[in-house]
Each structure stands twice: as structure tokens, then as C-alpha cells.
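Observations on the model geometry
The chain contents come next:
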Amino acid sequence: MLCKKNQGETTNTLKAESESLKAKLEEERAKLHDVELHQVAEKIDALGQFVMKTRRTLKGHGNKVLCMDWCRDKRRIVSSSQDGKVIVWDAYTTNKEHAVTMPCTWVMACAYAPSGCAVACGGLDNKCSVYPLSLDKNENLAAKKKSVAMHTNYLSSCSFTNSDMQILTSSGDGTCALWDVESGQLLQSFHGHSADVLSLDLAPSETGNTFVSGGCDKKANVWDMRSGQNVQSFETHESDINNVKYYPSGDAFATGSDDATCRLYDLRADREVAIYSKDSIIFGASSVDFSLSGRLLFAGYNDYTINVWDVLKGTRVAILFGHENRVSTVRVSPDGTAFCSGSWDNTLRIWA
Amino acid sequence: MHSYMVSKMSSKMVGSNNLAHARRMVQQLRVEASIERIKVSKASADLMRYCGENAKYDPLLTGIPASENPFKDKKPCIIL
């Protein structure tokens, strides 16, 4: 057992090494910062005027919509609400196909399974549960519910991996975790955030087994799913990161934060490469998503608006009004023909 | 610029946690320091190229006609 003197020296030596590593990292990153993204983008044409309108309004939730996800069939949507309800909609017709009442309020997370045959959800119950979707409309979905994930604080986000067999979760307990759906077994846990993790996103399948998470410690962390290792970390936001989303190529990711900015981080340059902000935007950005080519970034804000940004030039190309309360979630459809927004005004809107 | 909260976090820990924590931080920094990085100019060019190559497949960017977008169609088919 080390005596106090030895412990003190070792801690100091380690601290000194930390400081020296940090300085070296800053130096290495600075060497490669030869230009800004928006400067390189000056040579491409500016985008024209955008006309995007609400094409469908999905009404039925009795309270704030907190989360939504698209089915891979490009027409179905699952949404979850503060009132404990999870609804599956046909976005083309606005019909409700399934509804489940969760045993808790504030269902902050929901996700569609890749097969389209199940949905996952959770929130203040600290769990992530999977509900197989029945073709029989009269069947009680709650009867077939499977509890998969168990955290020690609220579930903030969940996502199936490339199959229905595994789910990745993030939690107010500061961790992310990978679970086997069938057995409920914890396959890997991810420690490194020092506060609630609010969001996660899986890298596009071509780029390998990584995911990014963001949280109340203002950090965005990139993780290796197999080893549980935090491979990269970014800390430039000035407040909570509410949402993280990969750029479609997998080489970058965007964040939305309570500091009223959205930012773009390039993984190979290992730094922030763009900030999407305006003096007039003072409310937090709750949710972000890219259009199919990655040129547009849709961001929902707490001031009830959705701002559309030119990702490369860093300018805003449209403001969308319509919601009557905070926009809590924004997701582009799998074929990129529309995007869906969910709001504290209890509705979801499809825009195109 | 990256600002590490490491020193703030360390000062909040007490006792023998200090040593374990300091070791973890050094370990983590070593991992982060070891990755290979590219210049922002190259990274930017790659992002721009991806956008350019995929622009024509991006309906929200290029705007596809109402007749091809199921959400823009004002008269959805009703299957009787």
C-alpha cells in the first residue's frame, strides 16, 4: 500500500503528464487549422430560396411530443410524449396505427426497429423497453413488452444498431450502454461523461462501429462500440449539448446546444469546423438533422422555430414557423423527401 | 479550441480516488493524442465533395416535383 507521500508524488507526476499531453494535443490540432470550412466553401454557389411548408400535421398526443423516429419504410413514424403515450403513425395518411401507454410519464426516447416490426421507448422509468408491433389492431401491445435496458437514471435516447437484436442507450446517469434485446444482457458500457448524456447517434454503417454522444457536461464523445473506449472528445459548446447527429458520410457530426448554437465537428481533422449561430438566435437548439447530401442542417429550437442552415457556408437559408411551442425533435425521412418535427405543442409536422 | 475540464474535475475528487482518476485521465489523453489528424483544408474539401456528389439525390435540397413527393401530393390515393 502506498504511503501518503508516494501517492502525492505519483498524482503530481500524472497531473504533470496530463498537462503536457493536453498542451501537445492543442499544438497538434492548431498545426492543422490552416483554413475555415466556410472559406473553402466560398467558391461554391449559394443555395437559392427554400420553400418548405407543413404538409401534414399529426394530432393525437395529449401532451408534449418529446421524441420521434422514422421507420425504414419512409412513411411510418413512432412518437413519444410527456403523457406516457407512444404512437405509431402512417405519415402519408396521418392515421394512427398503434398506441401504447407506458407506465411512466416523460417518454423521452423512442426508436423504430430496422425491420419495422417493433419500437423501443423509455424515459423516467429508467428503462428501455421493446414492443413488437402486431398486425392485429386489437391486440394489446403492452402484453408483449420486453424490458431491455436498465439505467440508474432517466433514459434520454435509444437507437437500434443495424439489426433488431441490439439497442444502444444513453441516460441521465451519465453513461451509454449497448444491450442484447433478446436476453436483456448488458454487452458494453461507455463511461466518460461527467453529467447526464442527452443524445447519441450511430455512425453510418459504412464507417464502422462507432457512435457519438453529447450531454450536460458540454462534451461530445466518440466511442468504439466493441471496446467501450472513448476515442475522441470535443468540448467547445458553452452549455448542454441536447442532440448529436452524424453527417451522412460519417466523417463529421453536428450538435445542437442550449448555448443557442449548432456546431459541426470533423472527425479526421479532430476539431470543430463550423458554428451555426446568429445574434438574433438566443434560445437553445434542441434537435438537429442533415438532409441526404449533408448540405442542409435542420435545427429545431426552443423559440418554436426551425432554422435551416447551409452546412458548408455556415449561413441560414430558411426559418420555418408553425409550431406553437418548443420544437423538441427533428428528423429527416430515410429517403430524404421530407422531415418531421415534434413539439411541446403536442403535434408533429411533416415538412417538404 | 479545446478546453479540458480535467483540472476542475480532479479538484473535486478526494482521497485515493485522486490517483485512479489521474491515471484514467492520462490514459485517455494518450489515446486521444495518438490519433492521426488531417488538415482542415483537406477535411473541408472532402465534406464539400460529398455534398456535391450527392446533391442530385437530395430531394429537400433540389426540390422534387409535387407529383413525385408523396407528402406534397394533395390527393392521396385511397385504396378501396
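Residues numbered from 1 in each chain as written. Chains lettered and ligands numbered in written order. Predicted model: local features only at pLDDT ≥ 70, side-chain atom pairs only at ≥ 80, totals over all residues. Heavy atoms only, no water.

Time to look at the overall build of chain A. Helices and strands together make up the secondary structure of chain A, namely two helices and 28 strands. The C-alpha radius of gyration computed for chain A amounts to 21 Å, which stays within 12% of the reference 20 Å derived for 352 residues, consistent with globular compactness. Taken along its principal axes, the extent of the C-alpha atoms in chain A is 70 × 55 × 35 Å. The burial tally for chain A puts 58% of its 352 residues in the buried class. By sequence separation, contacts in chain A at least 24 residues apart represent 45% of the contacts at least 6 residues apart. For chain A, the computed accessible surface area is about 13800 Å², with 47% contributed by carbon and sulfur atoms. If the 38 positive side-chain charges of chain A are averaged to one point and the 43 negative ones to another, these points end up 4 Å apart. (Helix = DSSP H or I, 4+ residues; strand = E, 2+ residues; numbered from the N terminus. Rg over C-alpha atoms; globule rule 2.2 N^0.38 Å. Buried < 20%, exposed > 50% of the residue type's maximum accessible area, 1.4 Å probe, protein only. Contact = heavy atoms within 4.5 Å. Areas by Shrake-Rupley, 256 points an atom, 1.4 Å probe, with all protein chains shown as cover. Lys, Arg positive; Asp, Glu negative; His and termini not counted. Charge placed at Lys NZ, Arg CZ, Asp CG, Glu CD.)

Let us now look at the environment of Tyr301(A). All names here are of chain A. Along the chain, the position of Tyr301 falls in strand S23 (residues 296-301). Looking at Tyr301, the relative accessible area reads 0%, which means it is buried. Sequence separation between Tyr301 and Ala285 is 16 residues, and the spatial gap between their C-alpha atoms is 4.3 Å. When sequence neighbours within four positions are dropped, the list of residues in contact with Tyr301 reads Ala260, Cys262, Ile281, Phe283, Gly284, Ala285, Ser286, Asn307, Trp309, Arg326 and Val327.

Turning our eyes to something else, we now look at the confidence of the model for chain B. All names here are of chain B. Overall, the predicted model of chain B reaches an average pLDDT of 77, with 70% of residues at or above 70. Highest mean pLDDT in chain B belongs to helix H3 (residues 40-54) (97); lowest belongs to helix H1 (residues 6-12) (36). Reported confidence for the predicted complex is 0.92 by ipTM and 0.91 by pTM. (pLDDT = per-residue confidence, 0-100.)

What follows is about the UniProt feature "repeat: WD" (unreviewed entry) in chain A. This chain's UniProt record puts "repeat: WD" (unreviewed entry) on residues 58-99, 148-189, 190-233, 234-275, 287-319 and 320-352 of chain A. Between the end C-alpha atoms of residues 287-319 of chain A the distance is 15 Å, and the span holds 0% helix and 58% strand. (UniProt positions renumbered as here; feature names shortened; annotations may be inferred.)

On to the sheet that holds strand S27 (residues 339-343) of chain A, then. Residue and element names in this part refer to chain A. Pairing is antiparallel in the open sheet, where four strands are placed in the order S1-S28-S27-S26. Every interior strand has two partners, whereas the edge strands, strand S1 (54-58) and strand S26 (327-332), have only one. Adjacent strand axes in the sheet meet at a mean angle of 20°, parallel and antiparallel pairs treated alike. Pairing of S27 with strand S28 (residues 348-351) involves four bridges; the strand directions are antiparallel. Residue pairing across strands places Gly342 opposite Leu348, the latter belonging to S28. (Pairing = 2+ DSSP bridges. Axes fitted to C-alpha atoms, helices over the stretch in contact; angles between N-to-C directions.)

Before going further, it helps to spend a moment on the nonpolar core. Residues Cys262(A), Leu264(A), Tyr276(A) and Leu297(A) are the most contacted members of the largest nonpolar core, which totals 29 residues. Counting residues per element, the ones that place at least two in this core are helix H2 (37-40), strand S19 (252-257), strand S20 (262-266), strand S21 (271-276), strand S22 (285-290) and S23 of chain A together with H3 of chain B. For this core, the element with the highest residue contribution is H3(B), accounting for five residues. Apart from the residues lying within four places of it in its own chain, the contact partners of Leu264(A) are Leu37(A), Ala252(A), Phe253(A), Ala254(A), Arg271(A), Glu272(A), Val273(A), Ala274(A), Tyr276(A), Phe290(A), Val311(A) and Leu47(B). (Core = buried A, V, L, I, M, F, W, Y, C linked by side-chain atoms within 4.5 Å.)

Okay, the packing of aromatic side chains next. All names here are of chain A. All chains considered together, the criterion is met by 15 aromatic pairs over all chains. Aromatic side chains Trp106 and Trp344 sit 6.4 Å apart centroid to centroid with 75° between the ring planes, which places their arrangement in the edge-to-face category. A residue pair is termed long-range when its members are at least 10 positions apart, and Trp106 in the loop between strand S5 (95-101) and strand S6 (109-112) and Trp344 in the loop between S27 and S28 qualify at 238 residues. In this structure Trp106 comes out as partly exposed when scored by relative accessible area, which is 27%. Assessed through its relative accessible area of 24%, Trp344 is described here as partly exposed. An aromatic cluster is defined as three or more aromatic residues linked by ring pairs; in this entry it consists of Phe234, Tyr246, Phe253 and Tyr265. Stacked on the ring of Trp344, the Lys or Arg Lys64 has its end atom at 5.0 Å from the ring centre. The ring of Trp344 is capped by Arg326, whose NZ or CZ atom sits 4.4 Å from the centre of that ring. (Phe/Tyr/Trp six-rings, centres within 6.5 Å; stacked < 30°, edge-to-face > 60°. Lys NZ or Arg CZ within 6 Å of the ring centre and 35° of its normal.)

Attention now goes to the interface of chain B and chain A. Between chain B and chain A, the contact holds 48 residues from the first and 69 residues from the second. When chain B packs against chain A, the two sides together hide about 5400 Å² of surface, and 67% of this comes from carbon and sulfur. Where chain B touches chain A, the interface holds three salt bridges. The shortest N-O distance in the salt bridge between Asp270(A) and Arg37(B) comes to 2.8 Å. Elements with a minimum of two residues in the side of chain B that touches chain A: H1, helix H2 (17-33), H3 and helix H4 (59-62) of chain B. In terms of residue count, H2(B) provides more of the side of chain B that touches chain A than any other element does, twelve residues in total. Taken together, the residues that form the side of chain B that touches chain A break down as 28 nonpolar, ten polar and ten charged. (Buried area = accessible area lost by both parts, 1.4 Å probe. Salt bridge = Lys/Arg side-chain N within 4 Å of Asp/Glu carboxyl O. Nonpolar A, V, L, I, M, F, W, Y, C, P; charged D, E, K, R; others polar.)

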